[in-house]
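# Tertiary structure, described
As a plain string of letters, each chain reads:
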Amino acid sequence: MKVKKAWIPIFLAPAVILFLLIYAVPLVMVFATSLCEYKLTSKSITFIGLQNYVDLFQDPAFHTAFTNTIVWILIHCILHVAMGCLIALLLYKKPRGWKFIRTAYMVPNIISNAAMGMIFINIFNPQFGVVNSILKLIGLEELTHNWLMDTTTAFPSVTMVWFLFAGYTTTLILAQALSVDESVLEAARVDGATNFQIDIFIMLPLLKKIIGTTMVMAATYMLQMFDLIYITTNGGPGKTTTNLPLLLYSVFKSENNYGYANTIGVMIIVLGAIVMVTINKALKVNEEDY
């Protein structure tokens, strides 16, 4: 037995080394350089303590990006997941054509974000886009405008690019629902429970953990959302649709300020940790059932 255990560190070593090189060391460097004046044009790295964080919290662009990120996380974790859960419960009833609907609803999630962004640029196009064409067709031509470049409609328009496509959420929740013991539901029906009561008081509690998992996935997706926003609006007009990843990129690209950009990166990491711990605690995702 001792001989067998002696091999464990040897087999674990490659994975540990890769983890340290690819994740742990770069993560430490992000935190370390966020405390420094670190620019590509500078010959040296100067330690400045928390000055980058002071400047960040005084930056109006950060306030806008942070607020947008929080709002998108809430929309995605609550409304988006709720929509996916509702569709999963409807498909669980196995209506006519439910397998086709399940497959078709997943298709938009297979399309790359770059392609999806280009599709919605054309949908919201002010000259020949589908949205403005429908408004003209039904006699509401006065409502037509440039949806992605108007400060009043840019944020909801960008949100709609991904909001309606809850394929992964629906698939995960549906898979968990299909694994529920049918005898539990049958016992509830014998006791006189309606389908609505079964869904609310039996199915949803049984699906609580997978719902929590999809909420964590939704929050993670929003914290790393970059390409769709960059392609559709590039954070505009102004900073209306700028989020934290896009702000990090703009600081890095336009100012070559690695230290300040990494400060934003630290805020993304901290925000992600807070959101995930909150969801896990609220829904008890990691607790064992007894």
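Use the structure listed above.
Note that the structure is predicted; figures quoted are calculated from it, not measured.

## A look at helix α15 (residues 258–283)
The end-to-end C-alpha separation of α15 is 37 Å, in line with the 38 Å expected for 26 residues at 1.5 Å each. K284 sits one or two positions beyond α15 and adopts a positive phi of about 55 degrees.

## Examining the pattern of salt bridges
Evaluation of the coordinates by the stated rule reveals four salt bridges. Across the pair K93 and D199 runs a salt bridge, and its minimum N-O distance is 3.1 Å. Residue K93 is found in the loop between α4 (60–92) and α5 (98–110), and its partner D199 is found in helix α11 (residues 195–206); the two are separated by 106 residues along the sequence. A relative accessible area of 41% places K93 in the partly exposed class. Ionic pairing is found between E182 and R189, a salt bridge with its closest N-O pair at 3.2 Å. Judged by relative accessible area, which is 40%, E182 ranks as partly exposed.

## Focus on the nonpolar core
W72, I73, W162, M203, L207, I211 and I279 are the most contacted members of the largest nonpolar core, which totals 65 residues. Ranked by the residues each element gives to this core, the list is headed by α4, at 14 residues. Ignoring sequence-local partners within four residues, the contact set of L207 consists of L89, I173, Q176 and A177.

## Notes on the packing of aromatic side chains
Here the structure, examined in full by the defined rule, presents twelve aromatic pairs. Aromatic side chains F57 and F62 sit 5.6 Å apart centroid to centroid with 85 degrees between the ring planes, which places their arrangement in the edge-to-face category. When the centroid spacing of 5.3 Å and the interplanar angle of 15 degrees are considered together, the rings of F226 and Y230 count as stacked. The class for F226 is partly exposed, based on a relative accessible area of 23%. What makes Y230 partly exposed here is its relative accessible area of 33%. Site record: aromatic cluster; members linked through ring pairs are Y38, F252 and Y258.

## Let's talk about the packing of helix α14 (residues 244–255) against α15
Two numbers describe how α14 lies on α15: the axes approach to 8 Å, and their chain directions differ by 170 degrees. In terms of their interaxial angle, α14 and α15 are classed as roughly antiparallel. Two packed elements cross with a definite hand, and for α14 against α15 that hand is left-handed. Of the residues in α15, those touching α14 at L244, P245, L247, L248, V251 and F252 are Y258, Y260, A261, I264, G265, I268 and L271.

## Details of the environment of M222
By the secondary structure assignment, M222 is in helix α12 (residues 208–223). Note: C-alpha distance between M222 and L244 (22 residues apart in sequence) is 9.8 Å. The residues touching M222, leaving out its near neighbours within four places in the chain, are W72, I73, H76, W162 and N243.

## Thoughts on the packing of α12 against α15
In contact at an axis separation of 9 Å, α12 and α15 are set at 170 degrees when each is read in the N-to-C sense. Considering the angle they form, α12 stands roughly antiparallel to α15. Counted together, K208, I211, G212, M215, V216, A219, T220 and L223 of α12 and I268, L271, G272, V275, M276, I279, N280 and L283 of α15 form the full contact between these two elements. Of the residues that constitute the contact of α12 with α15, the class distribution is eleven nonpolar, four polar and one charged.

Definitions and cut-offs
Residues numbered from 1 in each chain as written. Predicted model: local features only at pLDDT ≥ 70, side-chain atom pairs only at ≥ 80, totals over all residues. Heavy atoms only, no water. Helix = DSSP H or I, 4+ residues; strand = E, 2+ residues; numbered from the N terminus. Expected span 1.5 Å × (residues − 1). Salt bridge = Lys/Arg side-chain N within 4 Å of Asp/Glu carboxyl O. Buried < 20%, exposed > 50% of the residue type's maximum accessible area, 1.4 Å probe, protein only. Core = buried A, V, L, I, M, F, W, Y, C linked by side-chain atoms within 4.5 Å. Contact = heavy atoms within 4.5 Å. Phe/Tyr/Trp six-rings, centres within 6.5 Å; stacked < 30°, edge-to-face > 60°. Axes fitted to C-alpha atoms, helices over the stretch in contact; angles between N-to-C directions. Parallel < 35°, antiparallel > 145°, perpendicular 65-115°, else oblique. Left-handed = near helix turned anticlockwise from the far one by under 90°. Nonpolar A, V, L, I, M, F, W, Y, C, P; charged D, E, K, R; others polar.

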